[in-house]
Amino acid sequence: MKRSDFAEFSQLLTDVMAYYGKDTSKFMIGLWWQACENFDLSQVKKALNTHAMDAERGAFAPKVSDVVRALQGTKTERSAVAWGKVLNAIGAIGAYQDVIFDDAAIHAAIADCGGWIKVCRGDMDELGYLQHRFCQSYKAYIERGGDFDYPRQLSGDRSPDSEFQKRGLPPPTPAIVGNPALAARVLAQGGTGGAEITFRPLQEVLALSAQRSQEAA
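Analysis parameters
Residues numbered from 1 in each chain as written. Predicted model: local features only at pLDDT ≥ 70, side-chain atom pairs only at ≥ 80, totals over all residues. Heavy atoms only, no water. Core = buried A, V, L, I, M, F, W, Y, C linked by side-chain atoms within 4.5 Å. Buried < 20%, exposed > 50% of the residue type's maximum accessible area, 1.4 Å probe, protein only. Helix = DSSP H or I, 4+ residues; strand = E, 2+ residues; numbered from the N terminus. Contact = heavy atoms within 4.5 Å. Axes fitted to C-alpha atoms, helices over the stretch in contact; angles between N-to-C directions. Parallel < 35°, antiparallel > 145°, perpendicular 65-115°, else oblique. Left-handed = near helix turned anticlockwise from the far one by under 90°. Nonpolar A, V, L, I, M, F, W, Y, C, P; charged D, E, K, R; others polar. Salt bridge = Lys/Arg side-chain N within 4 Å of Asp/Glu carboxyl O. Phe/Tyr/Trp six-rings, centres within 6.5 Å; stacked < 30°, edge-to-face > 60°. pLDDT = per-residue confidence, 0-100. Disulfide = S-S within 2.5 Å.

## Overview of the nonpolar core
Next, step 1: Counting residues in each nonpolar core, the largest one holds 30 residues, and the members touching the most others are Val 86, Phe 101, Ile 106, Ile 110, Trp 116, Phe 134 and Tyr 138.
Next, step 2: Those elements that provide at least two residues to this core are α5 (75-92), β1 (99-101), α6 (104-112), α7 (116-120), α8 (127-143) and α10 (180-189).
Next, step 3: Excluding residues within four positions of it along the chain, Trp 116 makes contact with Val 86, Ala 89, Ile 90, Gly 94, Ala 95, Gln 97, Val 99, Phe 101, Ile 110, Leu 154, Ser 155 and Gly 156.

## Re the packing of helix α2 (residues 26-36) against helix α4 (residues 64-72)
Next, step 1: The geometry of α2 relative to α4 is characterised by a closest axis approach of 10 Å and an angle of 15° between their N-to-C directions. As judged from the angle between their axes, α2 and α4 are roughly parallel. The handedness of the crossing between α2 and α4 is right-handed. Facing Leu 31, Trp 32, Ala 35 and Cys 36 of α2, the residues of α4 in contact are Val 64, Val 67, Val 68 and Leu 71.
Next, step 2: Taken together, the residues of the contact of α2 with α4 break down into 8 nonpolar, no polar and no charged.

## Here we look at the pattern of salt bridges
Next, step 1: Counted by the stated rule, this structure contains 9 salt bridges.
Next, step 2: The salt bridge involving Glu 163 is made with Lys 166; its shortest N-O contact spans 3.5 Å. On the criterion of helical spacing, the pair formed by Glu 163 and Lys 166 is a turn pair, its members being 3 residues apart in helix α9 (residues 161-166).
Next, step 3: Residue classification places Glu 163 among the partly exposed positions, given a relative accessible area of 27%.
Next, step 4: A cluster of three or more residues bridged by salt bridges with shared partners is formed by Asp 98, Arg 158 and Asp 161.

## As for α4
Next, step 1: Where α4 is concerned, the buried positions are Val 64, Asp 66, Val 67, Val 68 and Leu 71.
Next, step 2: As for α4, its buried residues are in contact with α2 and α3 (41-53).
Next, step 3: Remark: Gly 73 follows α4 within two positions and exhibits a positive phi of approximately 80°.

## Quick look at the packing of aromatic side chains
Next, step 1: According to the stated counting rule, one finds 8 aromatic pairs in the structure shown.
Next, step 2: With a centroid separation of 5.4 Å and an interplanar angle of 45°, the aromatic rings of Trp 83 and Phe 134 are classed as tilted. In this pair, Trp 83 is assigned in helix α5 and Phe 134 in helix α8, connecting sequence segments 51 residues apart. Each member of the pair, Trp 83 as well as Phe 134, is classed as buried.
Next, step 3: A ring pair is formed by Tyr 141 and Phe 148, whose centres lie 4.9 Å apart and whose planes are at 50°; its orientation type is tilted.
Next, step 4: Judged by its relative accessible area of 14%, Phe 148 falls in the buried class.

## Here's the deal with the confidence of the model for the protein
Next, step 1: Taken over all residues, the pLDDT of the protein has a mean of 88, while the share at 70 or more is 94%.
Next, step 2: The least confident element of the protein, judged by mean pLDDT, is helix α11 (residues 202-216) at 73; the most confident is β1 at 97.

## Quick notes on the side chain of Ser 79
Next, step 1: Relative to the helices and strands, Ser 79 resides in helix α5.
Next, step 2: Here Ser 79 falls in the buried class, since its relative accessible area comes to 2%.
Next, step 3: The residues touching Ser 79, leaving out its near neighbours within four places in the chain, are Phe 134, Cys 135, Tyr 138 and Lys 139.

## A word on the packing of helix α1 (residues 6-19) against α3
Next, step 1: Closest axis-to-axis distance for the α1/α3 pair is 11 Å, and the angle between their directions is 5°. Comparing the axis directions of α1 and α3 gives the class roughly parallel. Packed against α1, whose contacting residues are Glu 8, Phe 9, Leu 12 and Val 16, the element α3 presents Leu 41, Val 44, Lys 45 and Leu 48 at the interface.

## As for the state of the cysteines
In a disulfide, the sulfur atoms of two cysteines are held together by a covalent bond.
Next, step 1: This structure, assessed with the given rule, holds 0 disulfides.
Next, step 2: The structure places no disulfide on Cys 113, whose sulfur is separated from the nearest cysteine sulfur, that of Cys 135, by 9.0 Å.
Next, step 3: Take Cys 113: its relative accessible area is 3%, and that puts it in the buried class.
Next, step 4: Free of any disulfide, Cys 120 has its nearest neighbouring cysteine sulfur in Cys 113, separated by 12 Å.

So, in structure tokens, the structure goes:
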């Protein structure tokens, strides 16, 4: 949803809760907005309608978890949908172009699988194993919410940016997979996608550790 949808979303939630004889508050609306803002308003309306018409759960006022479950599905379902999105991108885009998905967990899971190039060029005989590894990583990341590092974009097998700069040319534009607004957020909030690896002399590391121990004492 866009910020301009907030007023309509607030009224929708107020009306739904009134149907169940419940009041709303700023805190409640803010919590619902935070949970639902990555979805379209039409999707949220449909999820609330589905809950109201459910023969069992519809007898009670919806909780945030009820609607999020309806919008997102189970972790297994979400990982299967994400893998399908990856497979489509492999066929349509390939290994030679940078890619930005609209889901940060896809970036993190692909990084765990060796990166975009390796995923694109994996053997067909190992596709089942790759799918299993991707889905396991993906489920682990969505379990953590947004608390993980991931590469802001997935690099394809192309010349580095410096080569284009030498020729006075802009780097190739990454391919966007999925919702452009969400992909822009993935790009803006992404990082390196892994732990920083450095090489320092052992004596230097030991000296630094001793210094910190003295400071803490």
